[in-house]
Amino acid sequence: MTPFSSVTRRKMCIRESGSEYDCISELGELGLVEFRDLNPSVSSFQRRFVSEIKRCEEMERILGYLLREIHKARIAVPEEDESPLAPPPRQVLEIMEQLQRLEMELSEVAKNKEKLQRNLLELTEYTHMLKITQTFIHSRSRHEALGPQYEEFPTMETDSAGGCTGMQRLGAKLGFISGLIQRVKVEAFERMLWRVCKGYTILSYAEVDESLTDLDTGEIGKSVVFLISFWGDQIGQKVQKICDCYHCHLYPHPENDEERADVLDSLRTRIQDLNNVLHRTEDYLRQVLQKASESAFSWVVQVKKMKAIYHILNLCSFDVTNKCLIAEVWCPISDLAKLRGALEEGSRKGDATVPSFVNRIPCTDTPPTLLRSNKFTSGFQSIVEAYGVGDYREVSPAPYTIITFPFLFAVMFGDLGHGIVMSLFALWMVLTEKKQNKKRSNNEIWTTFFNGRYIILMMGLFSVYTGLIYNDCFSKSLNIFGSGWSIKAMFTNQQWTNKTLQNNALLTMDPNVSGVFNGPYPFGIDPIWNMAVNRLSFLNSYKMKMSVIVGVIHMSFGVVLSVFNHLHFKQKFNVYLLFLPELLFLLCLFGYLVFMIFYKWLAFSARESNRAPSILIHFINMFIMQGKDITPLYPGQTGLQIFLLLVAMLSVPVLLLGKPLYLYWLYRGGKGLRRRRGYERVRRASEDNSITPSYDDDEEEGFDEVSNREPLPKQFDFADVCLHQAIHTIEFCLGCISNTASYLRLWALSLAHAQLSEVLWAMVMRLGFKITTKVGVVFLVPVFGLFATLTVSILLVMEGLSAFLHALRLHWVEFQNKFYHGTGVKFVPFDFSLLPSVFEQEGLL
Amino acid sequence: MRVLFCGPKLAACGIVLSTWGVVMLGLLGIFFITHSAGLIEDIPLQREDLYPDPNPPQRVYDLYNQVGYNCFIAAAIYVVLGALSCCQMRLNKKKEYLVQ
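Fair warning: this is a prediction, and the values are worked out from it, not measured in the lab. (Residues numbered from 1 in each chain as written. Chains lettered and ligands numbered in written order. Predicted model: local features only at pLDDT ≥ 70, side-chain atom pairs only at ≥ 80, totals over all residues. Heavy atoms only, no water.)

1. Comments concerning the packing of helix α4 (residues 186-197) of chain A against helix α5 (residues 233-245) of chain A
Residue and element names in this part refer to chain A.
At step 1: Running from N to C, α4 and α5 point in directions that differ by 150 degrees, and their axes come no closer than 11 Å. The angle between the axes of α4 and α5 places the two elements in the roughly antiparallel class. Crossing of α4 against α5: the hand is right-handed. Residues F189, M192, L193, V196 and C197 of α4 lie in contact with α5, whose contacting residues are I235, K238, V239, I242 and C243. (Axes fitted to C-alpha atoms, helices over the stretch in contact; angles between N-to-C directions. Helix = DSSP H or I, 4+ residues; strand = E, 2+ residues; numbered from the N terminus. Parallel < 35°, antiparallel > 145°, perpendicular 65-115°, else oblique. Left-handed = near helix turned anticlockwise from the far one by under 90°. Contact = heavy atoms within 4.5 Å.)

Spelled out as structure tokens, the structure:
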């Protein structure tokens, strides 16, 4: 991957009508080009291919219905590895027909099924009613034998008129109404009956054991079988009306036991038949869905591709005179050959008499930016692009970010143990990436972590390195090489005795005593510091200085990268007027600070350590130019400092005024200081030519394209350029100071991480170790579990995200504002695999 | 026939935690047995252990050894927990296959 964005140019493709569908299909499969909208003023209803798109949407609707039915029946839709191609127009009608037929069949079968189910419900209810009312009658007949109140009624006799059992009492007929009502309505029903019929009815009811589904509402609830016996026709009508009101299901009451038995028998056989038919209907439905599910996936993909192609066709303009379709695309120059190949293939498939071809057209718009990346670099690319997509042909910080970002993260995170855990987690994600890619989880947080797996892996590996440097593993130091400090030497040199140990809580080791300090630890911080009380004083000084050094190096690197931009856009004057003053300002001031840090580390040993001067005082004195009283760090310090300060001060006006004055002079056409009016026009033309040279990395001859970032404006606004440059100067100069201080967050976060780690160990793990009882040893197991959970949640996740964020901020603000513009547009090619699928989002596929 | 009492995610967490526990507690045990100075604050040291001691670091070393053995016992318990989680994971995988 080159640090520069790839060249994209504008092409004009001419397609002949007839094969344009196939050409665009080929282009969509390859994902090479980005189409431009040639009809921006036309509304979507007035475009040419609107009817085809409507047809596609109709097919999508049917497919949605089909997929929902398949999903309800819990049939899995098999996915194919290879996406099917977009179907040619003649096949489209076939697919449309198939889909419509399927839809009709499915809706018919569904309707039939519903009818059958309703029927079944009725028959079941009737059966229940008959069985339960049988018990009513029999219990009543038992009562008849016992109680005196029914004596006046003879036993049931058949009455030919009316069809219901009649009992004569004072000339009024006894009638029965039986049916089912929902359990929740029974009390209200009874009360209503009592109030309306004033005791001329007797209601007996009993609950049905089985829960029945009410098909209208889909609820499953208990029902109650009731039997109302009433006297008189008027009452009968009132009862009928009340039953209607309460949505009861009424069934005819049989006259005697034989009739009841007959009806029950016939019902039983009918229910059995119905169940059979229902089973077979369900089987058939399932078969149909199963068959449909086999091709469902390919249909969905084909319809999606078709719709995309028609959408693109709508973007093209139709040339009536030549009867062909014209499309304008952005295409990377390196892919031109592939583009031609694709058009040829499309023309061949579409059987066109005149093949499609490609022409280049000159343009003045800036092309979109394309940066090629693979699965490793795409993570880093995306975090750079989150700040802003680079301008066309601008230096991209992404390849450098691959190393600097994990490094800055690791400086803030530096712990060996945590780094190992993080690396193992990332390694697991990387090794199982094929499986995870197939799973396509819906959890957004997991997808974010998974897409950044290579970033996390790099961060973890770098953290292992910085953990070794800081010598910090779960807040304990590892003694790999043997400490450089020896306590025994303090005893052998009679500095300390046993009495000293007993009388003092804290003791200071003196490195000036021979044998105490035997040289620095080979790699990293000496492990003895882990046990020292003044550990933080030492580490803070070290980490702060390290942060400033890393910051100045990072920022200088950013400034140096801007040279590439200036040279690339053939603005050599920028190198002298922008880059040089910026670099001089930065290095003369903060580079000198870094030099002083290194000098102090190297020049002062343990012997002179109590005389070592404070660098900060010297730095401040340099600015206020008052260094007379204190001893210099090195001979000639005052002279050098004055010189550096002068250089830095002088570079500010150069930065402020250099570029505007130069551009003004250029605009005036001056080669010398005198203006020669006579030859001015010619000179300006030749001046223009030398400033805007043509590109020669083109594979097509004959086209010069002007692509400098700031073409010479027709009208030169001096005030505007001055203001812009003033803002840039102030931003840069003040920014140098604030950005250098901003890098101190590297120290702050690493301190916070180390302290959190130590606190976690002291407050959790130590409790497990301090148990002395016999049984208490098992206590260590849950304590370690708690320690591990808190480490992962607080130290890895929370601190990790925090360090990630701060490292990202350092890149986006402090590093990138030295050279990166980031105001470009991203190149989005027309690619079928990038199109979203509505069905996948709904989880139906 | 073993009973399945945790889902696949809990079993996976159990395996990860047990592996980590075995490795870390094992290493800690070794560091305690070798009397590493960095861990001095983690042993249950009292003032009486230090001063009236005829044989100076012996009591301290004994404490170190005791904590070390505690660590090893805890690591052994984590081995058992790890084996249990492995079994649960395998049972979960089998159940997945059966349902499909």
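2. Examining the UniProt feature "transmembrane region" (unreviewed entry) in chain B
At step 1: Summarizing the sequence annotation, UniProt attributes the feature "transmembrane region" (unreviewed entry) to residues 12-33 and 67-87 of chain B in the numbering used throughout.
At step 2: Across residues 12-33 of chain B one finds 100% helix and 0% strand; the C-alpha atoms that close the span lie 31 Å apart. (UniProt positions renumbered as here; feature names shortened; annotations may be inferred.)

3. Comments concerning the nonpolar core
All names here are of chain A.
At step 1: One finds F590 and L746 to be the most contacted residues of the largest nonpolar core, which totals 65 residues.
At step 2: For this core, the element with the most residues is helix α17 (residues 572-603), which contributes 14 residues.
At step 3: Contact partners of L746, with chain neighbours within four places excluded, come to L408, V411, M412, S547, V550 and L810.
At step 4: The next biggest cluster of nonpolar side chains, apart from the first, holds 56 residues, and it includes I53, L66, L102 and Y310. (Core = buried A, V, L, I, M, F, W, Y, C linked by side-chain atoms within 4.5 Å. Buried < 20%, exposed > 50% of the residue type's maximum accessible area, 1.4 Å probe, protein only.)

4. Quick word on the UniProt feature "coiled-coil region" (unreviewed entry) in chain A
At step 1: Within the UniProt annotation, "coiled-coil region" (unreviewed entry) is assigned to residues 92-126 of chain A.
At step 2: Span residues 92-126 of chain A is 100% helix and 0% strand, its end C-alpha atoms 51 Å apart.

5. Considering the pairing of strand β7 (residues 223-231) of chain A
All names here are of chain A.
At step 1: With 9 of 9 residues buried, β7 lies mostly within the body of the structure.
At step 2: Side chains of β7 alternate between two faces, with S223, V225, L227, S229 and W231 and V224, F226, I228 and F230 buried alike.
At step 3: In this sheet, β7 lies alongside strand β3 (residues 174-182) in antiparallel orientation, the contact comprising 9 bridges. Each bridged residue has a counterpart across the sheet, and for S178 the counterpart in β7 is L227.
At step 4: Two strands pair when backbone bridges link them, and strand β4 (residues 201-207) and β7 are joined in this way by 7 bridges, in the antiparallel orientation. Opposite A206, over in β7, you have V225 as the bridge partner. (Pairing = 2+ DSSP bridges.)

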